[in-house]
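Chain by chain, the residues run as shown.
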Amino acid sequence: MKKFLNVMLPIFIMVIVACICIGIYFVFTNGSFKKVENNNTTNVNNIAESVVLTQEELPRIGCSGITKQLSTAIIKDFTQEENLVDNVLDVESTEEGFNQLLKDEVDVLISTYPTTDVLTLAKANGIDLEITPIAKDGFVFFTNASNTVDSLKVSDIQKIYTGQIKNWSQIGGDNIDIRAFQNPENSSVQNEMISSVMKNLEMVGAPKDIFYAKGYGEISDLIATYDNTEGALGYSYYYATKILYDTDAKVNNTIKILKLNGVMPSYDTIKKNDYPIISNYYLIRNKNNQSESLNIFTEAVLSERGKNVIKEAGYVE
């Protein structure tokens, strides 16, 4: 019996030690796995803050006509490759940009909010859109710099575009007929006007003009482009207006951006939501598209780095 114990006792002790070692191994390896998972979350954020994407890694990016400047700034920062811009931003209108997204020709769209028609079409095609705001802008109204009117109320705008106010003298200006310009149907600017300002009130017919197109000749009854004549009134997004008309340069005979409800649009009034009509730009993608490059790009745009890029580009983050 003593001999048996002398043989078995060391074996028994070895088994116990082995079991303890195995237990310790599982405890610590499981803990290390959890730490790796947590570190992975941190790493995704780190990648978003420092990522530089090559042309092959870049997701297919689309934009609307109004967001080309914003999209260009984002692409330049996250790729560091100037020649990528012309290759990816080949869209001319908001409608075209959304068509590309719904047809899976682009992975992500930087645009204004989709119209009801776009949302209906997406739903009909089984597409669930993920719509994330990334920047703010103001929706502004402008006239010729010589106009004596400096401020309008939102209610004045509504009355002008429903035909109730037809002369600047009715709102404190000179005796000049108002030429209230509009934008083409289904453009982002026109959609914003209808939904945010007019609240779906029926608008009067827009001024029309005749255009001459090479290869087509005369094309009539198209919506006229704002011409900055004495009685003209137009509208667009604040950032686009500043770029298009170079308002900071204070060139003679240029436009005058009007106050709305007594508030002048500016970076600060838009950021603080003091300006009456605030618009947003969005990063829009199909929820079913979970490609790695798209997820990294999305995280990058939504990171602090992305916010800084948007701000440096002149937009309100």
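Residues numbered from 1 in each chain as written. Predicted model: local features only at pLDDT ≥ 70, side-chain atom pairs only at ≥ 80, totals over all residues. Heavy atoms only, no water.

Structural notes on the pattern of salt bridges
Move 1: This structure, assessed with the given rule, holds eight salt bridges.
Move 2: A salt bridge links Lys256 to Asp150, with the shortest nitrogen-to-oxygen separation between them at 2.8 Å. Residue Lys256 is found in strand β9 (residues 255-257), and its partner Asp150 is found in the loop between β3 (129-144) and β4 (151-152); the two are separated by 106 residues along the sequence.
Move 3: The class for Asp150 is partly exposed, based on a relative accessible area of 45%. (Salt bridge = Lys/Arg side-chain N within 4 Å of Asp/Glu carboxyl O. Helix = DSSP H or I, 4+ residues; strand = E, 2+ residues; numbered from the N terminus. Buried < 20%, exposed > 50% of the residue type's maximum accessible area, 1.4 Å probe, protein only.)

Observations concerning the confidence of the model for the chain
Move 1: Summary statistics for the chain give a mean pLDDT of 81 and a share of 74% for residues scoring 70 or more.
Move 2: Confidence over residues 22-44 falls short of pLDDT 50; this stretch has one contact with residues more than four positions distant or in other chains. (pLDDT = per-residue confidence, 0-100. Contact = heavy atoms within 4.5 Å.)

Some remarks on the environment of Ala300
Move 1: Topologically, Ala300 is positioned in helix α10 (residues 292-302).
Move 2: Taking the C-alpha atoms as reference points, Ala300 and Phe78, separated by 222 residues in sequence, lie 7.9 Å from one another.

Here we look at α10
Move 1: Of the residues making up α10, those classed as buried are Leu294, Phe297, Thr298, Ala300 and Val301. One face of α10 carries all of its buried residues, which in axial projection span an arc of 160°. (Arc of directions from axis to C-beta.)

Concerning helix α4 (residues 94-102)
Move 1: Listed in full, the buried residues belonging to α4 are Thr94, Gly97, Phe98, Gln100, Leu101 and Leu102.
Move 2: Buried residues along α4 sit in contact with β1 (61-63), β2 (108-111), α5 (116-124), β3, α7 (188-197) and β11 (278-286).
Move 3: Residue Asp104 follows α4 closely and has a positive phi angle near 60°.

With respect to the environment of Lys271
Move 1: Relative to the elements of secondary structure, Lys271 occurs in helix α9 (residues 267-271).
Move 2: Residues Lys271 and Tyr315 lie 44 residues apart in sequence; the distance between their C-alpha atoms is 9.5 Å.
Move 3: Setting aside its immediate chain neighbours within four residues, Lys271 contacts Lys136, Val316 and Glu317.

Describing the packing of aromatic side chains
Move 1: Under the definition given, this model contains 14 aromatic pairs.
Move 2: Ring geometry for Phe139 versus Tyr237: centroids 5.6 Å apart, planes at 85°, classification edge-to-face. In this pair, Phe139 sits in strand β3 while Tyr237 sits in strand β8 (residues 232-237), placing the two residues 98 residues apart along the sequence.
Move 3: Judged by relative accessible area, which is 0%, Phe139 ranks as buried.
Move 4: An angle of 70° between the planes, with centres 5.5 Å apart, marks the rings of Phe181 and Tyr226 as edge-to-face. In this pair, Phe181 is assigned in the loop between β5 (179-180) and α7 and Tyr226 in the loop between β7 (217-223) and β8, connecting sequence segments 45 residues apart. Summarising the burial analysis for this pair, Phe181 and Tyr226 share the class buried. (Phe/Tyr/Trp six-rings, centres within 6.5 Å; stacked < 30°, edge-to-face > 60°.)

Section: the pairing of β3
Move 1: Among the 16 residues of β3, 12 are classified as buried, and the element is accordingly described as predominantly covered.
Move 2: Here nine bridges tie β3 to β11, and the two strands are oriented antiparallel to one another. Looking at the pairing, Pro133 lines up with Tyr282 of β11.
Move 3: Here β3 pairs with β8 via five bridges, running antiparallel. Bridged to Phe141 within β8 is Tyr235.
Move 4: Here β3 runs beside β9; their pairing, made up of three bridges, is antiparallel. (Pairing = 2+ DSSP bridges.)

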